[in-house]
Amino acid sequence: MLQPETARLLTEGQMLVKSSDVGNTQEEPGLSEAEEGNPFNFTPQLLRLHRDHQLFEDGDIHRHMYLQDLYVSETDDKTTLSVSEFACHISGCSAVFSTLEEYEHHYNSLHRHVCCSCRRSLPSARLLDIHIQEWHDSLFTILAQRQDMYQCLVEGCGQKFRTSQHRKQHLIKVHKYPPDFRFDKTKKDRGETKRPQQKDTSMEVAESVCESEGVCEVMCDVLSDQPEHGESMETHVSEEEAARTATSAITEDHANLSAAAHSAENTSSQPLKPQYSYRVPTNVCFGHGSVRGFRGRRGRRK
Amino acid sequence: MWRLNKVRHKAGRQADSLEELRLKRRQQEKDLRQARRDRQLVSKRLLLNEDEDQSEVTMDADSGAQHVVTLFHKLQHSGPEKEVHLKALSKALRDPSAQLTFIKQENSMHLLVGLLTGSNATCRLQAVRCLHELSHSPHTNIAPACLPATPYLLTYLSNQSTKFTELCLYTLGNLCPESDVVQEKLLAQGIIPALANCIENQRHNLAVVEAAGFTLSQLLQAKDGGGKIIPMVLASSLPSHLLSVLTPDQNFGLAPAIECAWCLHYLTCSMQDNRVLLAHGALSRCSSTLMSLGGAVAEGNKEEGMELLICPLLRCVGNLLSSCPAEDLSSQVADVSIVVTLCALLQAYMQTQTALARESAWVLNNLTAHSSAFCSALLTFNLVPGLIQLLPFSQGINIMILRVLANIAHKKKEYCVQLTHTGLLSGLCATLKMADKDIVTLSMDVLFMLVVSSPQVAEEL
């Protein structure tokens, strides 16, 4: 089963992506000549290693130990092999793992079902659909003024309600949800609250949510000041991080995805205000909407 | 002559516990690594008498020094007991402070040289023994003091007494790395032709060949490197002699081949252009030797110390390949099944000697970079699944293996399809998620080549 990122690569590879930062080495944004063509420029290379090369160190030491009569047969000292660690490549997420399973669990828990408008991660595809509908669909807003639009969150129930409050009541009464369940706040609150700690806490949110045993959390249309409590399973990836990323080895444009995560105005009625220059129009969403890309500081993690 | 068993017996006899030994060894290893980082990695060898042991208790410093002075005086004046005194002196000179004391005595070296070149054969032997002890000294000002003896040592290389020749050779070998001054003198005195003649005339005497190989390897490690020494060596008859020694002798063991292989390594890695060595057939010789050794390893006959020979051979092949023009490759490395050997070495040494595994992978890269024949061989011999299994391992292993796989994919579209059938895609699924940026980049390159190669592959994804 292929991860979305690989599927994305597939489309890109076949499209010969045109992008502004091609280079797979330098990080300067200055390399921004719009280069047409292929970022995949591997060529086979003969590697000549000089005498003092790092690769030769162990063998040299072994040789000199033998010369100095320090040679010992191998069965005495078993070396432990080191295994590459895995890292989440979602821009803004710096999680590192020692096994593939841990990585996949992380990814599946936090980076699936991400809303491309507001970058929240939802626990399931259905809840994502509901979220998008209730938060980012102007038609919904209009219709909701006249008819019951808010669906019950429990699958199979099918009931609809005029307001999210009504839905909440229903969930508590009929489906026995706890009253302190993290329900959505009303739309009214949304526009007012800002997110001051966006930059700082985005990482922490990711990590803290990671640790919590993921109670199925309802998607909220809330913008709270305490992202950690209000957001439950929703994770926000810092847009600023992504913007700071210079080139990536792969020209994933999504690194600077249109979604203006910073913007507090997530009302679907307002167009998202771009805060940085984007290469992709804001209304274009790629599949799961997860942001991809390497951050500049990735290199230090070795 | 070094027998690897000797070391273990020595270790067993000592009072130190196994744990202490291990600690000591680890510390020595650390020191060696630091020395290499400082480009000061130099080793000397001490040839022991058959009956003795390096750990024999010597007298304490002061009495040792005094003893040396006494012996020196006796030697200056005595007649027939010279042999006895000389022998005692050689034992006394094992101690570093005694060495210093001896050198400081006026005319001490003059005396030794006189005895070295005198008419008494036993005295000559003991005198060279004394010089040998001095050459092994940790003090840096002792080696220059031995310089007056070197022209004679070189002359004696053509003599027929094994023990004597060995001592001369190891003494010279210990002196070589000391300083530029010493090297200049030795070169001027004709050390290179002397070594060439020695190996040629004593080809049957493997103990001497080993000693000569050691001495040459010391000379070749000199810092000037490509400057003067290496061109002179390449111009001599030494390369062909070195190549002829590579096949290990059943009875004698690996030691001479080990020394000669290291000499070849120092030659190949210092030159940008290895045409001379290629013309001598070095690549084909080294690769065929590697194949026979690899075959033994694959069968489970890991003779002790084999990696000491495999390592320099791998390096020679690797660097010679980088100098070999693509069109000559098939004539130099005739047998494509060398890829089987290399993969076998990779698997065999992954756990115990990861550095060797890494070097094998490097050689595979150089083989496959510009040759379809070797790429195709990897596919035909079904070696790719084994390589894919090694992709989780870091420290240079997975990145090099990815290069090899990329080399294969780069050649032809059919190879890409074949690669896909080996299960490479699932291997890539893992490497794409690794933290190391270079690995991810390379994985993307491979994946791209696979995807672009044919619509079938894209569909399989």
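Residues numbered from 1 in each chain as written. Chains lettered and ligands numbered in written order. Predicted model: local features only at pLDDT ≥ 70, side-chain atom pairs only at ≥ 80, totals over all residues. Heavy atoms only, no water.

### What about the overall build of chain B?
Looking only at helices and strands, chain B has 29 helices and zero strands in total. Considered along the principal axes of its C-alpha atoms, chain B spans approximately 95 × 50 × 35 Å. Relative to its 461 residues, chain B shows a buried fraction of 59%. When the accessible surface of chain B is summed, it comes to about 18200 Å², and 53% of that surface belongs to carbon and sulfur atoms. (Helix = DSSP H or I, 4+ residues; strand = E, 2+ residues; numbered from the N terminus. Buried < 20%, exposed > 50% of the residue type's maximum accessible area, 1.4 Å probe, protein only. Areas by Shrake-Rupley, 256 points an atom, 1.4 Å probe, with all protein chains shown as cover.)

### Points about the overall build of chain A
Along the backbone of chain A there are 10 helices and four strands. Reading the helices (α) and strands (β) of chain A from amino to carboxyl end gives α-α-β-β-α-α-α-β-β-α-α-α-α-α. The burial tally for chain A puts 50% of its 302 residues in the buried class. Considering only contacts within chain A whose residues lie at least 6 apart along the sequence, 58% involve residues at least 24 apart. Element-wise, carbon and sulfur atoms account for 52% of the exposed surface of chain A, whose accessible area totals about 14500 Å². (Contact = heavy atoms within 4.5 Å.)

### Comments concerning the packing of helix H21 (residues 338-349) of chain B against helix H23 (residues 372-380) of chain B
Residue and element names in this part refer to chain B. Across the interface, H21 lies against H23 with an axial gap of 9 Å and an inter-helix angle of 60°. Accordingly, the angle class assigned to the pair H21 and H23 is oblique. Here H21 runs over H23; the crossing is right-handed. Contacts from Ile-338, Val-339 and Cys-343 of H21 reach H23 at Phe-374, Ala-377 and Leu-378. Per-class residue counts for the contact of H21 with H23 are six nonpolar, no polar and no charged. (Axes fitted to C-alpha atoms, helices over the stretch in contact; angles between N-to-C directions. Parallel < 35°, antiparallel > 145°, perpendicular 65-115°, else oblique. Left-handed = near helix turned anticlockwise from the far one by under 90°. Nonpolar A, V, L, I, M, F, W, Y, C, P; charged D, E, K, R; others polar.)

### Quick notes on the interface of chain A and chain B
Each side of the interface is counted separately: chain A has 65 residues, and chain B has 91 residues. Viewed at the interface, chain B and chain A are joined by seven salt bridges. Taken together, chain A and chain B are joined by 30 residue pairs in polar contact (both at pLDDT 80 or more). Taken together, the elements giving at least two residues each to the side of chain A that touches chain B come down to helix H1 (4-15), helix H2 (57-67), strand S1 (86-87) and helix H3 (100-110) of chain A. When residues in the side of chain A that touches chain B are grouped by element, the largest group, 11 residues, is from H2 of chain A. The class makeup of the residues in the side of chain A that touches chain B is 27 nonpolar, 20 polar and 18 charged. (Salt bridge = Lys/Arg side-chain N within 4 Å of Asp/Glu carboxyl O. Polar contact = N/O pair within 3.5 Å; in protein donor to acceptor, adjacent residues only side chain to side chain.)

### A few points about the UniProt feature "coiled-coil region" (unreviewed entry) in chain B
Within the UniProt annotation, "coiled-coil region" (unreviewed entry) is assigned to residues 18-45 of chain B. Measuring from the first to the last C-alpha atom of residues 18-45 of chain B gives 24 Å, for a span that is 71% helix and 0% strand. (UniProt positions renumbered as here; feature names shortened; annotations may be inferred.)

### Focus: the packing of aromatic side chains
Geometrically, a pair of aromatic rings is defined through the distance of the ring centres and the angle of the planes. This structure, assessed with the given rule, holds nine aromatic pairs over all chains. For the pair Tyr-156 of chain B and Phe-164 of chain B, a centre-to-centre distance of 5.1 Å together with 70° between the ring planes defines the contact as edge-to-face. Phe-164 of chain B gets classed as buried once you look at its relative accessible area, which sits at 6%. When the centroid spacing of 5.4 Å and the interplanar angle of 45° are considered together, the rings of Tyr-170 of chain B and Phe-214 of chain B count as tilted. One end of the pair, Tyr-170 of chain B, is in helix H10 (residues 162-175); the other, Phe-214 of chain B, is in helix H13 (residues 206-220), and 44 residues separate them in sequence. Following the ring pairs from residue to residue traces out a cluster consisting of Phe-97, Tyr-103 and Tyr-107 of chain A. (Phe/Tyr/Trp six-rings, centres within 6.5 Å; stacked < 30°, edge-to-face > 60°.)

### Observations concerning unusual backbone geometry
Of note in this structure, Arg-119 of chain A is not a glycine but carries a positive phi near 65°. With respect to the helices and strands, Arg-119 of chain A occurs in the loop between H3 and helix H4 (125-136). We classify Arg-119 of chain A as buried; its relative accessible area is 2%. For Asn-107 of chain B, which is not glycine, the phi torsion reads 70° and is therefore positive. Within the fold, Asn-107 of chain B resides in the loop between helix H5 (96-104) and helix H6 (108-116).

### A look at the side chain of His-131 of chain A
Looking at the secondary structure, you find His-131 of chain A in helix H4. Engagement of the side chain of His-131 of chain A in a polar contact is seen with the side chain of His-136 of chain A, the distance being 3.3 Å.

### Thoughts on helix H11 (residues 180-188) of chain B
Residues and elements named next belong to chain B. Along H11, the residues classified as buried are Val-182, Gln-183, Leu-186 and Leu-187. Within H11, the buried residues cover an arc of 130° as seen down the axis, which keeps them to one side. Opposite its buried face, H11 presents the exposed residues Asp-180, Val-181 and Ala-188, each directed more than 90 degrees away. Buried-residue contacts for H11 involve helix H9 (150-155), H10, helix H12 (191-201), H13 and helix H14 (229-235). (Arc of directions from axis to C-beta.)

### Here's the deal with the environment of Val-451 of chain B
Residues and elements named next belong to chain B. Relative to the assigned elements, Val-451 resides in helix H28 (residues 437-453). For Val-451, a relative accessible area of 6% translates into the label buried. C-alpha separation for the pair Val-451 and Arg-45, spaced 406 residues apart in sequence, amounts to 57 Å.

### Overview of the pattern of salt bridges
What the rule picks out here adds up to 18 salt bridges over all chains. As a salt-bridge pair, Arg-36 of chain B and Asp-60 of chain A come within 2.9 Å of each other at their nearest N and O atoms. Here Asp-60 of chain A lies in helix H2 and Arg-36 of chain B lies in helix H2 (residues 18-37), a pairing that spans two chains. For the salt bridge of Arg-167 of chain A with Glu-134 of chain A, the shortest nitrogen-to-oxygen distance reads 2.6 Å. Here Arg-167 of chain A is found in helix H6 (residues 164-173), whereas its partner Glu-134 of chain A is found in helix H4, with 33 residues between them in sequence. Taking relative accessible area as the criterion, Arg-167 of chain A reaches 1% and is therefore assigned buried. Among the residues examined, Glu-134 of chain A registers a relative accessible area of 0% and is labelled buried. Residues joined by salt bridges that share partners form a network here, namely Glu-57 and Asp-58 of chain A together with Glu-29 and Arg-33 of chain B.

### Notes on the side chain of Thr-171 of chain B
Residue and element names in this part refer to chain B. Among the secondary structure elements, Thr-171 is positioned in helix H10. The class for Thr-171 is buried, based on a relative accessible area of 1%. The contacts of Thr-171, once residues within four sequence positions are left out, are Val-128, Leu-131, His-132, Ser-135 and Leu-153.

### Description of the packing of H2 of chain A against helix H16 (residues 255-270) of chain B
Following both chains from N to C, one finds H2 of chain A and H16 of chain B inclined at 140°, their axes separated by 13 Å at the closest point. Considered as vectors, H2 of chain A and H16 of chain B are oriented oblique to each other. In this structure, H2 of chain A meets H16 of chain B at a crossing whose hand is left-handed. Of H16 of chain B, the residues touching H2 of chain A (which contributes Gly-59, Asp-60, Arg-63, His-64, Tyr-66 and Leu-67 of chain A) are Ala-255, Ile-258, Glu-259, Trp-262 and Tyr-266 of chain B.

### Let's talk about the confidence of the model for chain A
Predicted coordinates in areas of low pLDDT are best not read in detail. Residue and element names in this part refer to chain A. Residues of chain A with pLDDT of at least 70 account for 46%, and the chain-wide mean is 63. Note on residues 1-35: pLDDT is under 50 here. Beyond four places in sequence and across chains, it has 80 contacts. Below a pLDDT of 50 lies the segment residues 185-275, which in the model reaches 235 contacts outside its immediate sequence neighbourhood of four places, other chains included. (pLDDT = per-residue confidence, 0-100.)

### A closer look at the confidence of the model for chain B
Residues and elements named next belong to chain B. Chain-level statistics for chain B give a pLDDT mean of 88 and a share of 92% at 70 or above. The low-confidence segment residues 4-13, where pLDDT is below 50, has 14 contacts with residues more than four positions distant or belonging to other chains. Model confidence for the complex: the whole-complex pTM is 0.75, and ipTM, which rates the interface, is 0.89.

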